[in-house]
Amino acid sequence: MRLGIDLDGVIANFTHGWMRFYNRDFGTELRPEDSQDWGDLVGLTHFRHVGEFWKWSSDLDGRSVFWHLEPFPGAVEAVQELGEEGHDIVVITTKPHFAVSDTHEWIEKHGIPAEEIHILEDKWEVDCDVYLDDGPHILPALVEHRPHRTVCRYVRPWNRAVEGAVDIHDFDDFRKLVDGLDRGRAGK
Ligand SMILES: [Mg+2]
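In this text the structure is predicted, and so the values were computed from the model without any measurement.

Parameters and conventions
- Residues numbered from 1 in each chain as written.
- Predicted model: local features only at pLDDT ≥ 70, side-chain atom pairs only at ≥ 80, totals over all residues.
- Heavy atoms only, no water.
- Donors = N, O, S within 2.8 Å, 3.2 Å for Na, K, Ca; no water.
- Helix = DSSP H or I, 4+ residues; strand = E, 2+ residues; numbered from the N terminus.
- Buried < 20%, exposed > 50% of the residue type's maximum accessible area, 1.4 Å probe, protein only.
- 1 Å grid on protein atoms, 1.4 Å probe; cavity = no way out; pocket = protein on both sides within 12 Å on 5 of 7 lines; lining within 4 Å.
- Points joined across faces, edges and corners; volume = space filled by probe spheres on them.
- Nonpolar A, V, L, I, M, F, W, Y, C, P; charged D, E, K, R; others polar.

(A) Broad picture of the coordination of the magnesium ion. D6 (OD), D8 (O) and D134 (OD) make up the full set of protein donors to the magnesium ion, lying at 2.0 to 2.2 Å. Taken in sequence order, the residues that donate to the magnesium ion follow the motif D-x1-D-x125-D. Taken together, the residues span a long stretch of sequence, with D8 in the loop between strand 1 (2-5) and helix 1 (14-26) and D134 in the loop between strand 4 (130-133) and helix 7 (138-145) at a distance of 126 residues. For the pair shown, D8 and D134 are each scored as buried.

Right under this line is the structure:
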């Protein structure tokens, strides 16, 4: 099956990544658990708008914040195993223009077995059998435009249940769901 998988908030720990540099640069003590809302890039920082956040985050020790991110524990291994089981890993991610090459490098560096990499705003344009995303604005659009596909919400403090989307709490959940769909398709 084609598995459309997001990076930030799903495989890559964006919150931990930007906070680590923000604390270093501005002397704060933010912790990832402080982030409860999608707007925290502005809400928890001194930046007046998200453009200021992106400007700062575009050059942290010569790379964008995205290059520095750490994967969530077990996420890369889970995606590798899904790939080994014969599924196509289709990375679908939204990034600022300055982070495009860093994103390709990050995927390579961490051994994500991506068959395809799509960097775009309207993720539903990429047709997949199953989607896994954490974006509160992304999930309803996937459900709306891909009503016959399976849309999974990676449950995070900054998103809410979306009608038509399946809640996934971790990659064990996701693998079970994919296995079940795969067996159903094959009539196994
Ligand atoms: Mg995301």
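(B) Representation of empty space enclosed by the protein in the model. For the coordinates displayed, the defined rule picks out 2 cavities of 30 Å³ or more. By volume, the largest cavity is sized at about 40 Å³. Every residue along the wall of the largest cavity is listed here: L7, D8, A12, F66, L69, K95, T103 and W106. Residue composition of the lining of the largest cavity, grouped by class: 5 nonpolar, 1 polar and 2 charged. Forming the boundary of the second largest cavity are G4, I5, D6, I92, K123, Y131, L132, D133 and L142. Of all the elements in the fold, those that place two or more residues in the lining of the second largest cavity are strand 1 and strand 4. Considering each element in turn, the lining of the second largest cavity owes the most residues, 3 residues, to strand 4. Here the residues of the lining of the second largest cavity are counted per class, giving 5 nonpolar, 1 polar and 3 charged.

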